[in-house]
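Descriptive analysis of the structure
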Amino acid sequence: MRILSITAALALGFTTPAMAQDINFGDDSSDWANDGECDDGRFTGEGLTSTPLLEEDVLADATDCRTAYEAGKLTLLGVAADGSIDFGNDDGEWSNDGECDDMRFEGPGMTSTPLLQDDIMRDASDCREAFEAGQLALRGQGAPDAPGTPDVIIKGVNFGNDNGDWSNDGECDDPRFEGAGMTSTPLLADDVLRDATDCSTAFMAGNLTLRGVDAKGNIDFGNDDGEWSNDGECDDMRFEGPGMTSTVLLFDDIMSDATDCQTAYEAGALTLVGQ
């Protein structure tokens, strides 16, 4: 294992995709995963299921959607190759009410009511206004913080905020941590720095520790067991900087791209996010 000592605070984070085409397909937690049809409402094309699309299946049918996308049978709905967004029209039942109802988006500008397939691309004015105000992002690219939401910082650790889908449920969903206080569900990059109350509470109770960072601030870079190790780019979401990959960051690559990350870190091309 590769370990390097640091003296800075232990605030970690992640990098989000810069382009719409750097797609985060999520995981296979959907009830309909691995059935050969994509159930994620962000997509369109012949690879999409013909059954109703549900909010809960967004970012939860990764294998089916990735396979169809790479085969040319899917495209991102209303997102051009250059990343420009077609917001659609205002034909939805809930348009022009000041809240975005389009399940392609996430962030503080979204409605708190259930999201329906019928509202995809049918709440243009609400969603465009919130997006341009920095209160929305395309799902899978990291939800923006609610305006004025301060990060929770305790004992040098930046826990972020409670803007995650699974915040305040009594379980920590931030993949930077490990221990008895963690959720048993799949961990996603979207939840990094987005479950502050749950994670800080468990941390202070001694039920969590930072993954790969000991009490003295030593970084354990891990090993080279990752699929993308030794390609000259760091894929570990604990870091940021010009030494990082531009592709989607996955939980499986934490502490599994040691050589790339340590080389870039020692060259000054990476830092732990937040430092």
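Before going into details, it helps to say that this report is about the structure given with it. Here the structure is a predicted model, which is why all the values come from computation and not from measurement. (Residues numbered from 1 in each chain as written. Predicted model: local features only at pLDDT ≥ 70, side-chain atom pairs only at ≥ 80, totals over all residues. Heavy atoms only, no water.)

Next up on the list: the pattern of salt bridges. Counted according to the given criterion, the structure contains six salt bridges. Put simply, Glu 178 and Arg 211 hold a salt bridge, and the shortest N to O gap is 3.6 Å. Taken as a pair, Glu 178 in strand 8 (residues 177-178) and Arg 211 in the loop between strand 9 (209-210) and strand 10 (218-222) lie far apart in primary sequence, 33 residues in all. Its relative accessible area of 34% is what places Glu 178 among the partly exposed residues. Salt-bridge contacts for Asp 236 lead to Arg 238; the nearest nitrogen and oxygen are separated by 2.9 Å. Pair check on accessibility: Asp 236 and Arg 238 agree, each one buried. (Salt bridge = Lys/Arg side-chain N within 4 Å of Asp/Glu carboxyl O. Helix = DSSP H or I, 4+ residues; strand = E, 2+ residues; numbered from the N terminus. Buried < 20%, exposed > 50% of the residue type's maximum accessible area, 1.4 Å probe, protein only.)

So, on to helix 4 (residues 258-266). All buried positions along helix 4 are accounted for by Ala 258, Asp 260, Cys 261, Gln 262, Ala 264 and Tyr 265. At the C-terminal side of helix 4, Gly 268 shows a positive phi close to 80°.

Our next topic: the state of the cysteines. The full count for this structure, using the stated rule, is four disulfides. What pairs with Cys 38 in a disulfide is Cys 65, and their sulfur atoms sit 2.0 Å apart. Disulfide Cys 38-Cys 65: the torsion about the S-S bond is 90°, which places it as right-handed. Of this pair, Cys 38 sits in the loop between strand 1 (2-5) and strand 2 (43-44) while Cys 65 sits in helix 1 (residues 62-70), and the two are 27 residues apart along the sequence. The burial state of Cys 38 is the same as that of Cys 65; both residues are buried. Here the protein chain pairs its bonded cysteines, counted in sequence order, in the arrangement 1-2, 3-4, 5-6, 7-8. (Disulfide = S-S within 2.5 Å.)

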